[in-house]
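# Coordinates in review
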Amino acid sequence: MQSRTGLTVRTFAPARTSGRPPVLLVHGFGSDGHRDWVETGIAGALTEAGREVIVPDLRGHGDSPAPSTAGEAGVPRHVTDLVTVLDEAGATAFDVVGYSMGARLAWELPGAAPGRVRRAVLGGLSPVEPFEAVDVEALHRAVADGTEPADPFTGVIAGMVSAHGARAAGLALCVEGLRDTPFAPRSWAGDTPPVFVVGKDDMMTRGIEQVVGLVDGAELATVPGDHHEVLAGAEFRRTVLEVLAR
């Protein structure tokens, strides 16, 4: 379905409900809800466990519209979009699972939707904003006309973004929006501490212990794989199901 935000949202209903609240699944940068949550079997495993599952494509990703400005792709706009999706679904309470950028956005949800977040699983979360180091002007030039950025890291991001073809310009705006609203965690606004899940070989999550330490009672689970392998792994799926069943 299409939300009034313009986002494409997939909703999966269980054959028999567990009586627990819906689960919001938030995908990572450059991906989409189908790839991160449906293809990996996580959405299906949750519905089999009796949970309604809400899977949006974030702005600029999947089947959702591209942002027209960086301001439309910053963290506040993404979070507002997610709260609107939850409101439309009638989710007065919900669990949330986010991966990578999705975990970054999920961190903000307790503050944006006070009293509504029950359990949270934050997977593949970087303790810093990786896009802060991007030269966004060079990124936009690379996407527009193929000009190679002088900065190697910006070049890597440009290559990743450009691989999305017609979606590349919108994703470049997402990079700029995220860079302009960097992750600077101070405290968790939710009533229940989150569970952080990282891959054993995931370099992007190095230092996550600093963020875990900000939240009394937070847990850190390590599962096999690097940043791109964790989502498809049985151990990550098992951890999600276990945490949300509490």
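Cut-offs and rules
- Residues numbered from 1 in each chain as written.
- Predicted model: local features only at pLDDT ≥ 70, side-chain atom pairs only at ≥ 80, totals over all residues.
- Heavy atoms only, no water.
- Salt bridge = Lys/Arg side-chain N within 4 Å of Asp/Glu carboxyl O.
- Helix = DSSP H or I, 4+ residues; strand = E, 2+ residues; numbered from the N terminus.
- Phe/Tyr/Trp six-rings, centres within 6.5 Å; stacked < 30°, edge-to-face > 60°.
- Buried < 20%, exposed > 50% of the residue type's maximum accessible area, 1.4 Å probe, protein only.

### Notes on the pattern of salt bridges
What the rule picks out here adds up to 14 salt bridges. For D63, the salt bridge identified is with R10, shortest N-O distance 3.6 Å. With D63 in the loop between β3 (53–56) and α3 (75–88) and R10 in strand β1 (residues 9–12), this pair connects stretches of sequence that are 53 residues apart. Of the charged contacts, one joins R116 and D87 as a salt bridge, the two residues approaching to 2.9 Å between their closest N and O atoms.

### Focus: the packing of aromatic side chains
With the rule as written, the count across this model stands at five aromatic pairs. Ring plane angle 80 degrees and centroid distance 5.8 Å describe the contact between Y99 and F236, whose orientation is recorded as edge-to-face. With Y99 in strand β4 (residues 94–99) and F236 in helix α9 (residues 234–244), this residue pair connects regions lying 137 residues apart in the sequence. Among the residues examined, F236 registers a relative accessible area of 0% and is labelled buried. Geometrically, the ring pair formed by W107 and F196 is tilted, given 6.4 Å between the ring centres and 45 degrees between the ring planes. One end of the pair, W107, is in helix α4 (residues 101–112); the other, F196, is in strand β6 (residues 195–199), and 89 residues separate them in sequence. The exposure class assigned to W107 is buried, which follows from its relative accessible area of 5%. By way of ring pairs, the aromatic residues W107, F183, W188 and F196 are connected into one cluster.

That's the geometry; what it means functionally is another story.
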